[in-house]
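The lines below spell out each chain.
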Amino acid sequence: MKDIHTFLCSPAESTRRHGPHDRIVMSSRVRLARNIRDASFPGWAKKPERVRVLEIIQPAVSSLPEMADSFSEAMDNLGALDKQILVERHLISREHAAKNIGSGLVVNRTETFSVMINEEDHLRMQALRPGLQVRQAWNAIDTLDSELEQKLNYAFDNELGYLTACPTNLGTGIRVSAMLHLPGLVLGEQINPIIQSVNKLGLAVRGLYGEGTEALGNVFQVSNQMTLGESEAAIVERLEKVLLQIIEHEENARQSLLEKKPKVVFNHIGRAYGILANAHSISSKETMNLLSLMRLGVDMELFPGTERSLVDELFLTTQPAHLQKQLSDKLSAEERDLIRADMVRERLKNVSRPLIKPPASSTN
Amino acid sequence: MQCSICKEKTATVHLTQIVGDKMQKLDLCEECAKAKGINDPVSFAMADMMLGLGASQELASASAGADLKCSRCGFSQADFKKSGRLGCLECYHTFAEGLAGLLKTMHKGLRHIGKTPEALRQTREQTDRLKLLQKKLKKAIEDEDYEVAAAVRDEIKTVPGAAAKVRVEK
């Protein structure tokens, strides 16, 4: 059995993947929900039926050319820490992390595809890309899905399209989403009107880990909600348009903050640096919120010589499971707060205090 | 703010329901909310939480009170009320009537547009074409335009799988 930790690339490597607009768009993802014809949906199927479905789907997915080099495992073979790491990497949902016998996971080496078996549906397959690449992610998952439909007998209805456990996913079964870092809109107090207008367009805005989670570190997830009565291409195009607009609003918000309230911005960034570089105990949540401000500082060129990937790496490695993984002993939350602070201080040792104002050449 | 049911006590429970593009607001006092089962987490259906208020009623009213059960997987209306999810693909037929109203409120349309598995693509196109032709045929007969009707009937015969379809229609 392959070990998920030796399989996944290091956090440092994973944060060095670049894509268009990755200052603001951290990643793009397209997920498809599919079910096979001759079994009940996972939430209703009994254990033997779920196991049977897993035994049909897992080999079919693993045999795809895209999955030639992949990690393929039943969820009951993964420990709680492994599962939490996968959640922190956004490779599985929190719901899937709670699954055991009869559920499975196939993820490829480059972490561009992740297929959850027997989550809410028999199949939840997703393509992930860094930056704003929703179209590319859709093309990738479309290809994977077309290959898989040769091997599996999908539940499809002429009127209703792909049949899913929850009627909210019916039709195309598609969820197109992007993770956005929006500190400018939050600091400029424009985030709520933006969320409201995005909601009015039938799109959902959620926190870092999707449904029902808070926007830690000013990271928001924007996705489509309607799946029936609109083609995948139309949904992808609509979301892309909205994302480009949000990017523009965020850039404008940063610009106007620097013009109208520079002291407020520098105060936030300076304090964030001050705490991160000097704290001896810090929670995961506080770390994320402060790292978000440092990331903004890097974007505003207040930390010359510091790359955004350093901040992004800390964003990942300071989360509970990633932090625990680096230690040999199982620690309590309080003990982890001490280790987390030590780690952040150490990594920021060579990062100088933020500049008092951005370099003149800066266009931001 | 006054409770919209008893119109006496102060409303402390506020509900917002969106049906189609209309938003309805309901302000209730604690007693009335309890009477309606709204602040009782057990009877307050998950289906309603996830799919919008009235989702479970929608399904219940469509079956005129009888507790429908899926003949294939045994999933019942009550199960849907609890989980907000269905049991199997057949449930979409079993609960079709109740689901139609629900789907209308949460989606752009009631008919799938977009990707279709290649193996089913042909049959889907044929079904669509047959439906269109049958509509034409009906209209022609109603209009007593038998020349057109005959032509359409002949065209229907050329669609593969039409014979089977015609039998079903009878």
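Residues numbered from 1 in each chain as written. Chains lettered and ligands numbered in written order. Predicted model: local features only at pLDDT ≥ 70, side-chain atom pairs only at ≥ 80, totals over all residues. Heavy atoms only, no water.

J.: Hey, could you run me through the packing of aromatic side chains in this one?
T.: Geometry of an aromatic ring pair is reported as the spacing of the ring centres plus the angle between the planes. Going through the model one piece at a time under the given rule, you end up with 6 aromatic pairs over all chains. Ring geometry for Trp 44 of chain A against Phe 75 of chain B: centres 4.9 Å apart, planes inclined by 85°, an arrangement best described as edge-to-face. Taken together, the residues span two chains, with Trp 44 of chain A in the loop between strand 1 (25-34) and helix 3 (47-62) and Phe 75 of chain B in the loop between helix 3 (55-62) and helix 4 (77-83). According to the relative accessible area criterion, Trp 44 of chain A is partly exposed, its value standing at 25%. Looking at Phe 75 of chain B, the relative accessible area reads 2%, which means it is buried. Judged by centre distance (4.9 Å) and plane angle (75°), the rings of Phe 156 of chain A and Tyr 162 of chain A are edge-to-face. Considered together, Phe 156 of chain A and Tyr 162 of chain A belong to a single accessibility category, that of buried residues. Ring pairs connect the aromatic residues Trp 44 of chain A together with Phe 75 and Phe 95 of chain B, which therefore count as one cluster. Here the guanidinium or amino end of Lys 46 of chain A rests over the ring plane of Trp 44 of chain A, the centre of that ring lying 5.6 Å away. (Phe/Tyr/Trp six-rings, centres within 6.5 Å; stacked < 30°, edge-to-face > 60°. Helix = DSSP H or I, 4+ residues; strand = E, 2+ residues; numbered from the N terminus. Buried < 20%, exposed > 50% of the residue type's maximum accessible area, 1.4 Å probe, protein only. Lys NZ or Arg CZ within 6 Å of the ring centre and 35° of its normal.)

J.: What am I meant to see in the packing of helix 9 (residues 232-260) of chain A against helix 10 (residues 262-278) of chain A here?
T.: The geometry of a pair of packed helices is captured by two quantities: the angle between their axes and the separation between those axes. All names here are of chain A. Close contact between helix 9 and helix 10 brings their axes to 5 Å; oriented N to C, the two are set at 105°. Of the possible angle classes, the one that applies to helix 9 and helix 10 is roughly perpendicular. Listed contacts from helix 10 to Leu 257, Leu 258, Glu 259 and Lys 260 of helix 9 are Pro 262, Val 265 and Phe 266. Residues of the contact of helix 9 with helix 10, tallied by class, amount to 5 nonpolar, no polar and 2 charged. (Axes fitted to C-alpha atoms, helices over the stretch in contact; angles between N-to-C directions. Parallel < 35°, antiparallel > 145°, perpendicular 65-115°, else oblique. Contact = heavy atoms within 4.5 Å. Nonpolar A, V, L, I, M, F, W, Y, C, P; charged D, E, K, R; others polar.)

J.: When you look at the interface of chain A and chain B in this model, what are you seeing that I'm missing?
T.: Note: interface size is frequently given as the accessible area lost on complex formation between the parts. Across the contact, 40 residues belong to chain A and 36 residues belong to chain B. A combined buried area of about 3,100 Å² lies between chain A and chain B, and 57% of that area is made up of carbon and sulfur atoms. The largest contributions to the chain A side of the interface with chain B come from Trp 44, Asn 158 and Pro 167 of chain A, which together make up 21% of the buried area. Connecting chain A to chain B are 7 salt bridges. Residue Asp 145 of chain A is joined to Lys 115 of chain B by a salt bridge in which the shortest nitrogen-to-oxygen separation is 2.7 Å. For the pair chain A and chain B, the number of links is 21 residue pairs in polar contact (both at pLDDT 80 or more). Per element, the largest residue contribution to the side of chain A that touches chain B is 4 residues, and it comes from helix 6 (residues 134-148) of chain A. (Buried area = accessible area lost by both parts, 1.4 Å probe. Salt bridge = Lys/Arg side-chain N within 4 Å of Asp/Glu carboxyl O. Polar contact = N/O pair within 3.5 Å; in protein donor to acceptor, adjacent residues only side chain to side chain.)

J.: What is the right way to read helix 14 (residues 333-347) of chain A from this model?
T.: Residues that lie three or four places apart on an α-helix share one face, since the helix turns once every 3.6 residues. Residue and element names in this part refer to chain A. Its 15 residues place the ends of helix 14 21 Å apart at the C-alpha level, agreeing with the 21 Å of an ideal helix rising 1.5 Å per residue. Of all the positions in helix 14, only Arg 336, Asp 337, Arg 340, Ala 341, Met 343 and Val 344 are classed as buried. For helix 14, the angular spread of the buried residues around the axis is 165°, confining them to a single face. Looking at the buried residues of helix 14, the elements they touch are helix 10, helix 11 (284-299), helix 12 (308-317) and helix 13 (320-325). (Expected span 1.5 Å × (residues − 1). Arc of directions from axis to C-beta.)

J.: Even after reading the chapter, I still don't get the domain arrangement of chain A, so can you show me in this structure?
T.: All names here are of chain A. Taken domain by domain, chain A holds domain 1 (4-254) and domain 2 (261-361). Once you take the C-alpha centre of each, domain 1 and domain 2 turn out to be 28 Å apart. If you look at the interface, domain 1 gives 25 residues, while domain 2 gives 23 residues. Among the residues of domain 1 in contact with domain 2, Thr 15, Glu 88 and Leu 187 are the three that bury the most area, contributing 25% of the side total. (Domains from an automatic or database assignment.)

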